[in-house]
Amino acid sequence: MGLKIIELTAENVKKIKAISIKPNSNMIQITGDNSQGKTTVLDCIWWALGGTRNIQKQPIRNGEKRATIEIDLEELKVKRTFTKSGSTLEITNKDNCVYKSPQTILDAFIGSLSFDPLKFARMNSTDQVNM
C-alpha cells in the first residue's frame, strides 16, 4: 500500500479558513506570497499523519472553535479534528470501517515518517530538487 494523497481538505487551521487540494500528478507545487498558508498546508499533512506530538500549541484559526484536516489516501481516509480541549483522529477504509486505534494504524501504514515537510520548506530550491 503506497502513500499517495488523493485529496487534502482543511478548515480553520492556523491562518487558513478553507482549502482543498486534489493533486493531478505525483508532484504539486505549493506557491504563494509570504503568510498565505504554504507552510500550513505542509503542517496539515504532518499533523494529520504524524500524531499529536507534532501539533503546535494553537492549531485552530483565531476566532474559531474547531478545525479539521481530512486526507484521502485512497486506501484510507484520515480526519483529524481540533477543539480547544485537544484533537481527535478518525480513520476509515474504503468500506467505511472505522479503526479503533487510528494512530496505531497510521504508524503501521506509514512507519516512521522520514520526510519532514518543514525542513523541506526551509531548504533552498536546489536542495529540494536533489531531495
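Residues numbered from 1 in each chain as written. Predicted model: local features only at pLDDT ≥ 70, side-chain atom pairs only at ≥ 80, totals over all residues. Heavy atoms only, no water.

Asker: Could you give me a rundown of the overall build of the protein, with the residues and numbers involved?
Answerer: Scanning the protein from N- to C-terminus turns up four helices and five strands. Counted from the first residue to the last, the protein has its helices and strands arranged as β-β-α-β-β-β-α-α-α. Compactness check: the protein gives a C-alpha radius of gyration of 15 Å against a globular reference of 14 Å for 131 residues, within 12% of the reference. Considering only C-alpha atoms, the protein reaches an extent of 40 × 40 × 25 Å along its principal axes. The proportion of buried residues among the 131 residues of the protein is 32%. A sequence separation of at least 24 residues applies to 48% of the contacts in the protein between residues at least 6 apart. Total accessible area on the protein stands at roughly 8,900 Å², and carbon and sulfur atoms take up 46% of it. Each charge sign in the protein was given a centre, from 19 positive and 14 negative side chains, and these centres are 7 Å apart. (Helix = DSSP H or I, 4+ residues; strand = E, 2+ residues; numbered from the N terminus. Rg over C-alpha atoms; globule rule 2.2 N^0.38 Å. Buried < 20%, exposed > 50% of the residue type's maximum accessible area, 1.4 Å probe, protein only. Contact = heavy atoms within 4.5 Å. Areas by Shrake-Rupley, 256 points an atom, 1.4 Å probe, with all protein chains shown as cover. Lys, Arg positive; Asp, Glu negative; His and termini not counted. Charge placed at Lys NZ, Arg CZ, Asp CG, Glu CD.)

Asker: Tell me what's going on with the nonpolar core, and back it up with residues and numbers.
Answerer: With 23 residues, the main nonpolar core has Leu8, Val13, Trp47, Ile69, Ile71, Val78 and Phe82 as its most contacted residues. Elements with a minimum of two residues in this core: strand 1 (7-13), strand 2 (16-21), helix 1 (38-50), strand 3 (66-72), strand 4 (76-83) and strand 5 (86-93). The element best represented in this core is helix 1, accounting for six residues. Beyond its immediate stretch of four places on either side in the chain, Leu8 contacts Ile19, Ser20, Ile21, Val41, Cys44, Ile45, Ile69, Glu70 and Ile71. (Core = buried A, V, L, I, M, F, W, Y, C linked by side-chain atoms within 4.5 Å.)

Asker: A description of helix 1 should follow, citing residues and the corresponding values.
Answerer: With 13 residues, helix 1 should cover 18 Å at 1.5 Å per step; its first-to-last C-alpha distance of 18 Å lies within 8% of that length. Of all the 13 residues making up helix 1, 10 are buried; the element is thus mostly covered by neighbouring parts of the structure. All of the buried residues along helix 1 are Thr40, Val41, Leu42, Asp43, Cys44, Trp46, Trp47, Ala48, Leu49 and Gly50. Just downstream of helix 1 lies Gly51, where phi reads positive at about 100°. (Expected span 1.5 Å × (residues − 1).)

Asker: Can you tell me about the sheet that holds strand 4, naming the residues and giving the values?
Answerer: The strand order 2-1-3-4-5 describes an open sheet built from five strands, whose pairing is antiparallel. Because the sheet does not close on itself, it has two edges, and the strands there are strand 2 and strand 5. Across the sheet, the mean angle from the axis of one strand to that of its neighbour is 10°, orientation sign disregarded. Bridge count between strand 3 and strand 4: seven bridges; the pairing is antiparallel. Looking at the pairing, Asp72 lines up with Lys77 of strand 4. (Pairing = 2+ DSSP bridges. Axes fitted to C-alpha atoms, helices over the stretch in contact; angles between N-to-C directions.)

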